[in-house]
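# An overview of the molecular structure
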Amino acid sequence: MAEYLKRGKPETERAEDDAKTRAVVEATLADIEARGDAAVRDLAAKFDNYTPESFRLTQDEIDALIAELSPCELADIKFAQEQVRNFAQAQRDSMLDIEVETMPGVILGHKNIPVQSVGCYVPGGKFPMVASAHMSVATASVAEVPRIIACTPPWQGKPNPAVIAAMHLGGAHEIYVLGGIQAVGAMAIGTETIDPVHMLVGPGNAFVAEAKRQLFGRVGIDLFAGPTETMVIADDTVDAEICATDLLGQAEHGYNSPAVLVTNSRKLAEETLKEVDRLLEILPTRDTASVSWRDYGEVILCADHDEMLAVANDIASEHVQVMTDRDDWYLEHMTCYGALFLGARTNVSNGDKVIGTNHTLPTKKAGRYTGGLWVGKFLKTHSYQQITTDEAATLIGEYGSRLCMLEGFVGHAEQCNVRVRRYGGVNVPYGQGAPYRDAAE
Ligand SMILES: NC(=O)c1ccc[n+]([C@@H]2O[C@H](COP(=O)([O-])OP(=O)(O)OC[C@H]3O[C@@H](n4cnc5c(N)ncnc54)[C@H](O)[C@@H]3O)[C@@H](O)[C@H]2O)c1
Ligand SMILES: [Zn+2]
C-alpha cells in the first residue's frame, strides 16, 4: 500500500468547490443566452473591469499592439509557433482519407473534414498565456479551419501585445478581448455582434473549463482542460532540487493546481518535502504556488515501480514527468495521462511553451478517455459508401432485407427489397424479407 507523506484536500471538499463553480456558470450562461451583448458587457465590467467600445480588435489595433513587441519577443513567438506547426503538420500527415473495396462492388471510405468554425480561448487572468494561442489557433490553422476566432481577457486593463501577436501570427481571423465564462458563452451561444462557432477549444480556469463542459452538445469541445496538474515520477536517479522545482513550476499556475510526487525512495520523498519549503521562501510566485501546494500537493511513497505505475495511471495527471532508471518502461506501460515528459533533460515547461507538443491537456482524470488538443480534434472523420455493381447491390440488399426484418423494420427492409428487385431481378414480396440463399448455391 502506497504511503502518503503529504496529502491534499479531501475529495469531499474538492467536490464542494466544483458544485459552486457549476452553479455560477449555469446562471452566467443563462444570462448570456437571455441578454446577449448586454450581458457580456456587464460581465466584462464586473470580472475584468473592462468596458471598451468594441471587444473585437480592428486590424489597426492589432498592428499597433504587435509593434509594441521587441524583435526578440517576436522572434521567440515565431520560433515556438514553428515548432508547434511542424509537429501538428506531421500529425496531420498521419491522418489519411481512406477508400477501400471491401468486396467486389462495395466501396467504403472516410474523409477528414475540418470543423468549419472554432472559438479558441486563450487564458489570461493570472498570466497572459501567449503559448495557448499557438496551441489552439496555430493548430486550427494547420487543420485548415476556415473560421478561427480567438478570445482572451484584458491584461492589466488592456489587450496583451504578445498574446494578440501570437493569435494573429497563428492565423486567427477574428480577435476579441474577452475573458472567462462571457467569452466562451458568447462564442458558443452567439450574440448580436459575435456569430456562434461550431466548436470551443483551449484551456482555462475552473470557470472556463466548466462553461465549456456545460456548452458541450450545443457546440463541440476539445476536452476538459481545467486548472493545471502535474505529477513527478522519480526514483533515486534524481535529486530533491529537480523534483521540487518541477512540482512548484506548475503549482504556480493558480490556487488549485495539484502537484504530486510519486516515488519509491523515502529519502527523495523526505528531501523533496524540505526542498519545496526552501524554494517556497524564494519563489517570486509563492503566493499562488504555496496555496496550491498546501491544498493540493501530495507526496506518495510506493514500494516499487509497479506500484508507482498503478498509482500514476489511477491519478491520470495532466502532466507526468518521469525521471527514473526506466523511463521507456513508463512510456510503454502508462495508459492514463495528458502528456509524458521523459527523462531529467526535459521538463513540463518545455511542453508548455516551446518544444512543439500541444499544452492543452486533459485534467480531472479526463486522461482516462482522451489525450490533449491536437490537429485531429479540429478534423471530423466522416464515412461514405457506394455500391457500383448490380451483383453487390443484390447481395448486400438480400442480407440487409433479412437483417431489417429480424428487428421488425419493414420500411427499412423495403429500401433493400426495391434494390434487390430492380438490380437483381429477384422477386421479394412487399413487406417481407428476401429469401435465404446458402453461400454454396
Ligand atoms: N489544462 C490545460 O491544458 C491548461 C493549460 C494552460 C493553462 N491552464 C489553466 O488555465 C487557467 C488560467 O486561469 P486564469 O484564471 O489565469 O485565466 P482565465 O483566462 O482562464 O480566466 C480569467 C477569467 O476568469 C473570470 N473569472 C475570474 N474570477 C471569476 C469568478 N469569481 N466568477 C466568474 N468568473 C471569474 C474572469 O472573467 C476572467 O476574465 C489556470 O488554471 C491554468 O492552470 C490549463
Ligand atoms: Zn504550465
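Residues numbered from 1 in each chain as written. Chains lettered and ligands numbered in written order. Predicted model: local features only at pLDDT ≥ 70, side-chain atom pairs only at ≥ 80, totals over all residues. Heavy atoms only, no water.

A separate point is the packing of aromatic side chains. Taken as a whole, this structure holds two aromatic pairs when the rule is applied. Considering the side-chain rings of Tyr 50 and Phe 55, the 6.3 Å spacing of their centres and the 50° angle between planes classify their relative orientation as tilted. For Tyr 50, a relative accessible area of 11% puts it in the buried group. Owing to a relative accessible area of 10%, Phe 55 belongs among the buried residues under this scheme. Above the ring of Tyr 4, the side-chain terminus of Arg 7 is found at 3.8 Å from the ring centroid. The residue whose ring lies beneath Arg 402 is Tyr 399, and the NZ or CZ to ring-centre distance is 5.1 Å. (Phe/Tyr/Trp six-rings, centres within 6.5 Å; stacked < 30°, edge-to-face > 60°. Buried < 20%, exposed > 50% of the residue type's maximum accessible area, 1.4 Å probe, protein only. Lys NZ or Arg CZ within 6 Å of the ring centre and 35° of its normal.)

A separate point is the nonpolar core. Grouped together as the largest cluster of nonpolar side chains are 68 residues, with contacts concentrated most on Val 118, Met 167, Leu 178, Leu 200 and Phe 378. Among all residues touching Phe 378, those that are not within four sequence positions of it are Ile 113, Pro 114, Val 115, Val 118, Ser 136, Thr 139, Ala 140, Ala 143, Val 145, Met 199, Val 201 and Leu 373. Grouped together as the second largest cluster of nonpolar side chains are 19 residues, Ala 234, Ala 244, Leu 247 and Leu 279 included. (Core = buried A, V, L, I, M, F, W, Y, C linked by side-chain atoms within 4.5 Å. Contact = heavy atoms within 4.5 Å.)

Split by domain assignment, the protein resolves into domain 1 (21-97 + 114-222), domain 2 (227-372) and domain 3 (389-440). Each of domain 1 and domain 2 has a C-alpha centre, and these two points are 28 Å apart. In this assembly, 19 residues from domain 1 lie in contact with 18 residues from domain 2. For domain 1, the biggest contributors to the area lost against domain 2 are Lys 126, Phe 127 and Met 135; these three give 38% of the whole. Inspection of the region where domain 1 meets domain 2 yields zero salt bridges. Listed by contribution, the elements that provide at least two residues to the side of domain 1 that touches domain 2 are α4 (71-93) and α5 (130-142). Residue composition of the side of domain 1 that touches domain 2, grouped by class: 10 nonpolar, seven polar and two charged. (Domains from an automatic or database assignment. Buried area = accessible area lost by both parts, 1.4 Å probe. Salt bridge = Lys/Arg side-chain N within 4 Å of Asp/Glu carboxyl O. Helix = DSSP H or I, 4+ residues; strand = E, 2+ residues; numbered from the N terminus. Nonpolar A, V, L, I, M, F, W, Y, C, P; charged D, E, K, R; others polar.)

The feature "binding site: Zn(2+)" (unreviewed entry), as given by UniProt, occupies Gln 250, His 253, Asp 352 and His 412 in the numbering adopted here. With the annotated positions falling across 163 residues, the maximum pairwise C-alpha distance of 56.1 Å shows that they are not confined to a single cluster. Inspection of the secondary structure assignment puts Asp 352 in helix α14 (residues 348-353). Those residues in contact with Asp 352 that lie beyond four places of it in its chain are Ala 131, Met 135, Gln 250, His 253, His 319 and His 359. Of note is the side chain of Asp 352, whose polar atom sits 3.2 Å from the side chain of Gln 250. (UniProt positions renumbered as here; feature names shortened; annotations may be inferred. Polar contact = N/O pair within 3.5 Å; in protein donor to acceptor, adjacent residues only side chain to side chain.)

The protein atoms that coordinate the zinc ion (ligand 2) are Gln 250 (OE1), His 253 (NE2) and Asp 352 (OD), at distances of 1.9 to 2.1 Å. Between consecutive donor residues of the zinc ion (ligand 2), the sequence gaps follow Q-x2-H-x98-D. Classification of Gln 250 by relative accessible area gives buried; the value is 5%. (Donors = N, O, S within 2.8 Å, 3.2 Å for Na, K, Ca; no water.)

Bringing the sheet that holds strand β7 (residues 199-201) into the picture now. Strand order across the open sheet formed by five strands is β6-β5-β4-β7-β8, with parallel pairing between neighbours. Of all strands in the sheet, those bounded by a partner on one side alone are β6 (174-177) and β8 (220-221). For strand β5 (residues 147-152) and β6, the ladder comprises four bridges, and the chain directions are parallel. Bridge pairing in β6 places Cys 151 opposite Tyr 176. Most of the contacts of helix α7 (residues 180-189) go to strand β4 (residues 117-121), to which it runs at about 180°, and overall it touches β4, β5 and β7. (Pairing = 2+ DSSP bridges. Axes fitted to C-alpha atoms, helices over the stretch in contact; angles between N-to-C directions.)

Moving on: the site of ligand 1. Lining the immediate environment of ligand 1, one finds 27 residues, of which Asp 48, Tyr 121, Lys 126, Thr 228 and Leu 361 sit closest. The contact in question runs from an oxygen atom of ligand 1 to an N or O atom on the side chain of Gln 182, over 3.2 Å. Taking Glu 318, its side chain carries an N or O atom lying 3.1 Å from an oxygen atom of ligand 1. Listed by contribution, the elements that provide at least two residues to the shell around ligand 1 are α2 (37-48), α7 and α8 (206-215). (Near = heavy atom within 4 Å.)

Here we come to a nonpolar patch on the surface. Taken together, the side chains of Met 103, Ile 387, Leu 395, Ile 396, Tyr 399, Leu 403 and Leu 406 make up a nonpolar region of the molecular surface, amounting to roughly 650 Å² of accessible area. Per element, the largest residue contribution to the nonpolar patch is five residues, and it comes from helix α15 (residues 390-406). When you line up the elements, Met 103 lands in strand β2 (residues 98-103). (Patch = residues over 30% accessible without salt bridge, like charges linked within 9 Å, V, L, I, M, F, W, Y side chains within 5 Å. Areas by Shrake-Rupley, 256 points an atom, 1.4 Å probe, with all protein chains shown as cover.)

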